[in-house]
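Architecture at a glance
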Amino acid sequence: MVKYGVHLFLWAERLDRSSLHLIEKTKRFGFDGVEIPLMELELIDVAATKRELKKHGVEAVGALGLNIDTDITSDDEKVRKKGIEFMKRCVDVIAQLDGDAINGVIYTAWGKITGKRRTEEEWKRSAEALKVVCKYARDYGVNLCLEPINRFETYFLNTAEDAVKLAKDIGEQNIKVHLDTFHMNIEEKNFFKPIKLAGELLFHVHCSENDRGIPGTGHVNWDQVFEALSQIGYDRWLVIESFLPGMSKFASSAAIWRDLAPSADVIASEGLKFLRSMSSKYLVR
Ligand code: LER
Ligand code: MN
């Protein structure tokens, strides 16, 4: 059975004490889990978050985009080491919250563009660092999921094919692939083949319309998405990802400059209704 989640970025920029109440809201809207941004790890009150998750029966999923200070492809060895240590701390937090995955741009800095194609050296650095983190995460039962994103947000990993290749080069059991329909719409030829190609490696899906608005109201080919998910027997998370307009820290990375729907609540409620209807058509046998 798939599980339904919502990315906290729909309602708040970070999970600190002032946004803990959103965990109850997640449940009230009918989601099984909340995807928690780990970028500002020091602001997460782990004990209070765990209490709130348990109280409302909501599961935690980790979301991460590395930044320039934690970039594991950096020329500077100190920065690469900092990236590894930071990801290990993210693993600790997600494990304490009983989550089993960290998803997102975990292979380079989110938003970094060098103006060139990726180099073999950068690829090797990313794979080596992620191997170290995977080995650490294995003992905690945490998986690391590579999310290819579009060319305007990274030059490093844009397609499912490359994500599978990087996962294979890392060669650890807990390295997985994460696909996001918003990015697929820009970078892939269609929605069916990349999901089939990821196959058993596919561990996480961001369900996001082509404009990051309400899933089901744009031109993402959801029939292809769900047909492929059905064929690979996908039974992990379907997470609605959109972003709060007016974010301060991550606005440039996500490039959200206008309202994408009447409200964030409408994206959550209408989006979930749509995903459930697609699941009942394709996934529930
Ligand atoms: C960014 O565009 C995105 O899709 C996020 O999931 C990155 O962590
Ligand atoms: Mn995403």
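For the structure, check the block above.
Before going into details, it helps to say that this report is about the structure given with it. Quantities reported herein were computed from a predicted structural model and do not represent experimental measurements. (Residues numbered from 1 in each chain as written. Chains lettered and ligands numbered in written order. Predicted model: local features only at pLDDT ≥ 70, side-chain atom pairs only at ≥ 80, totals over all residues. Heavy atoms only, no water.)

Before going further, it helps to spend a moment on the coordination of the manganese ion (ligand 2). Here the manganese ion (ligand 2) is held by the protein donor atoms E147 (OE), D180 (OD), H206 (ND1) and E241 (OE), which lie 2.1 to 2.2 Å from it. Taken together, the six donor atoms coordinating the manganese ion (ligand 2) span angles of 70 to 177 degrees at the metal, a pattern that classifies the geometry as octahedral. In the primary sequence, the donor residues of the manganese ion (ligand 2) line up as E-x32-D-x25-H-x34-E. Here D180, found in strand β6 (residues 175-180), pairs with H206, found in strand β7 (residues 202-207); they are 26 residues apart in sequence, far enough to count as distant. Judged by relative accessible area, which is 1%, D180 ranks as buried. (Donors = N, O, S within 2.8 Å, 3.2 Å for Na, K, Ca; no water. Tetrahedral: all angles 85-135°; square planar, octahedral: opposite > 155°, others 65-115°. Helix = DSSP H or I, 4+ residues; strand = E, 2+ residues; numbered from the N terminus. Buried < 20%, exposed > 50% of the residue type's maximum accessible area, 1.4 Å probe, protein only.)

Turning our eyes to something else, we now look at the state of the cysteines. The tally for this structure, following the rule as stated, stands at zero disulfides. Cysteine C134 shares no disulfide, and the gap to the nearest cysteine sulfur, in C145, comes to 9.3 Å. Assessed through its relative accessible area of 0%, C145 is described here as buried. (Disulfide = S-S within 2.5 Å.)

A word on the sheet that holds strand β4 (residues 101-109). Read around the barrel, eight strands follow the order β1-β2-β3-β4-β5-β6-β7-β8 and close on themselves; strand pairing throughout is parallel. Neighbour-to-neighbour, the strand axes of this sheet turn through a mean angle of 30 degrees, independent of strand direction. As paired strands, strand β2 (residues 33-37) and strand β3 (residues 59-66) are joined by five bridges and run parallel to one another. Paired with G33 across the two strands is E59, which belongs to β3. (Pairing = 2+ DSSP bridges. Axes fitted to C-alpha atoms, helices over the stretch in contact; angles between N-to-C directions.)

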